[in-house]
Amino acid sequence: MQIEDVWRRQAPYVLAALLRGGRPLADCEDAAQEALIAALRQWTSGGIPRNPRGWLIRVAGRRLVDMTRTDTARARRELRDAYTSEQDRPTGWADRTTDRDDSLQLLVLCCHPSLSAPAAVALTLRAVAGLTTEQVAAGLLIPTTTAAQRISRAKKSLAGARFGPVAPAELPQRLHAVRHVLHLTFTAGSSAGAGPDLIDTGLTRNAIRLTDQLHRALPRDAETAGLLALMLLVDARTPARTEQAALVPLADQDRSRWHRDQIDRAVILLEDALPRGPVGPFQLQAAIAAVHATAATFADTDWAEILQLYRMLQDVAPSPAVDLGAAIALSEVDGARAGLAALEPLLRQRPRDHRIIAARAHLLEAIGDAEAAECYAQAAALTDSIPEQHYLHTKAAALRR
Amino acid sequence: MKFIVLIHSNPKPWAHPTSDHTAEYQALPQQTKDELGAHWDKVFGEADANGEVVYGCALGDPTSSQVFHYAGAPVPSDGPYAEGKEHLAGFFVLDVESRERAAEIAAAFSCPGDTIELRPTMQPGCEA
């Protein structure tokens, strides 16, 4: 689907060009979507124009002018001229600089801190990633009407927000919000699972693409590089993670099926970002994933290094998931009994957390404790992931045989 | 994360909102009714504005249902499905960031005469 690829690539720049005219986001976004519909109709029969971005800006600009109830002919002409000059902007080095600014400014706008996270995710997918509302809905496993509602409400809330450069003092906080939304988009994609679609509507792919865009706009931002590396590493393992709808644990995965090129790129990103410090949570999570990804076999995993990285994460960004990771790493370094002891306080805090219970089941199995089967069954009852549940039931059944 | 809020009730007559038609709710002083109503409006209104409410549906009278048992072939009979004290009266699908948030919204549905059940929905994938 070539037209769709062109659209995905051009969508943020078309929208940015419209926004520079000073019109509200809601109108600009509607006009951009109408230009897409026109493109699908005309390009299918007539072919893709040589300058697709110029074509899209011209068509969307016209729609926008038509939508705008401008009273005087002169004002309408001026608006039209603005989009025409936008369409004819020369390409070259200077243009690429603007592209980077555009995608950054657009991400910062759509991940505005005044929006709820789900609203920002939906809006970003449509306005920056160029997905249709139907594709956003399919990716998030929600009805199209719900996705449409989230997007239109988000646009309405941003009616007064300004499109333009962010003040340097504000940038770190705004970037934090952008990374949070991109990471949520990525994890939402993992939960939704890979669809059989030939057109890639997968949220994980789009989250990687947007984070890559952000990284290109801000190549010196270490946490953005860290987030991109983390996504690449996690995604690299996807082909080996499930086998006939069942989860394959890291220890049993066929490592030759991992995307080696993505792992290599992530390692380069990290080697560049980490020494610059201060080291943030995404860089640390990526560093942990990189230790796993670069071990030739599960037995070769440098667990001491992983444990140290988890300890750093506990300082920088403590969370139950991080504590669990540290306990598992400890069990590999000091043995299953040390791991079980470390899980005790976590389980007291979160007695229904299936991840903690599953980790406990693994360690109980390792020391030959008969309670392991019951523990696997308990975790199976609490997870909301079908492949994970399948895996946990299988483990419980094998121990009971 | 998606959850379903199930409202179990037995209003007489069968009508919605169910709470308005249960003896337990009707026995409440007006002030308590107002407080419960205002709390639900606030919590549900916020959740709806956040885009956390995916879908909701009120169900028809349980006696209007048709039940199919399979005995070599589907055998239809008239409902209700269960002889219990309460019936499934309606449901809401939530899409929220955590179980805690889902519980917060579900709790706002709770009122005398109704039993609210919160259940997670299963996801086809798994978090990495």
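Since we're looking at a predicted model, the values are computed, not measured.

(A) Representation of the interface of chain A and chain B in the model. Between chain A and chain B, the residue contacts involve 30 residues of the former and 19 residues of the latter. Summed over both partners, the interface of chain A with chain B comes to about 2100 Å²; 53% of that surface belongs to carbon and sulfur atoms. Applying the counting rule to chain A against chain B returns 2 salt bridges. B:Asp48 is paired through a salt bridge with A:Arg153; the nearest N and O atoms lie 3.9 Å apart. By residue number, the principal contributor to the side of chain A that touches chain B is helix 9 (residues 171-192) of chain A, which donates 6 residues. The residue inventory of the side of chain A that touches chain B, partitioned by class, reads 12 nonpolar, 11 polar and 7 charged.

(B) Broad picture of the packing of aromatic side chains. All names here are of chain B. All chains considered together, the criterion is met by 8 aromatic pairs over all chains. Judged by centre distance (5.9 Å) and plane angle (85°), the rings of Phe44 and Phe109 are edge-to-face. Separated by 65 residues along the polypeptide, Phe44 in helix 2 (residues 30-49) and Phe109 in helix 3 (residues 99-109) bring together distant segments of the chain. Comparing Phe44 with Phe109, the two get one shared label, buried.

(C) Representation of the pairing of strand 4 (residues 74-78) of chain B. Relative to strand 4 of chain B, strand 3 (residues 66-70) of chain B runs antiparallel, the two sharing 5 bridges. Within the sheet, the bridge partner assigned to B:Val67 lies in strand 4 of chain B and is B:Ser77.

(D) The confidence of the model for chain A, seen in detail. The predicted model of chain A has a mean per-residue pLDDT of 88, with 91% of residues at 70 or higher. Low confidence marks residues 195-201 of chain A, where pLDDT is under 50. Its contacts with residues over four positions away, or in another chain, come to 11 contacts.

(E) Fine view of unusual backbone geometry. Between B:Lys12 and B:Pro13 the backbone carries a cis peptide bond, its omega angle lying at -5°. Topologically, B:Pro13 is positioned in the loop between strand 1 (2-9) and helix 1 (23-26). Residue B:His16 is joined to B:Pro17 through a cis peptide bond whose omega torsion reads -10°. The backbone phi angle of A:Leu141 is positive, close to 55°, even though this residue is not glycine. Here A:Leu141 lies in the loop between helix 7 (133-140) and helix 8 (144-157). Look at A:Leu141 and you get partly exposed, because its relative accessible area is 36%.

Basis of the calculations
- Residues numbered from 1 in each chain as written.
- Chains lettered and ligands numbered in written order.
- Predicted model: local features only at pLDDT ≥ 70, side-chain atom pairs only at ≥ 80, totals over all residues.
- Heavy atoms only, no water.
- Contact = heavy atoms within 4.5 Å.
- Buried area = accessible area lost by both parts, 1.4 Å probe.
- Salt bridge = Lys/Arg side-chain N within 4 Å of Asp/Glu carboxyl O.
- Helix = DSSP H or I, 4+ residues; strand = E, 2+ residues; numbered from the N terminus.
- Nonpolar A, V, L, I, M, F, W, Y, C, P; charged D, E, K, R; others polar.
- Phe/Tyr/Trp six-rings, centres within 6.5 Å; stacked < 30°, edge-to-face > 60°.
- Buried < 20%, exposed > 50% of the residue type's maximum accessible area, 1.4 Å probe, protein only.
- Pairing = 2+ DSSP bridges.
- pLDDT = per-residue confidence, 0-100.

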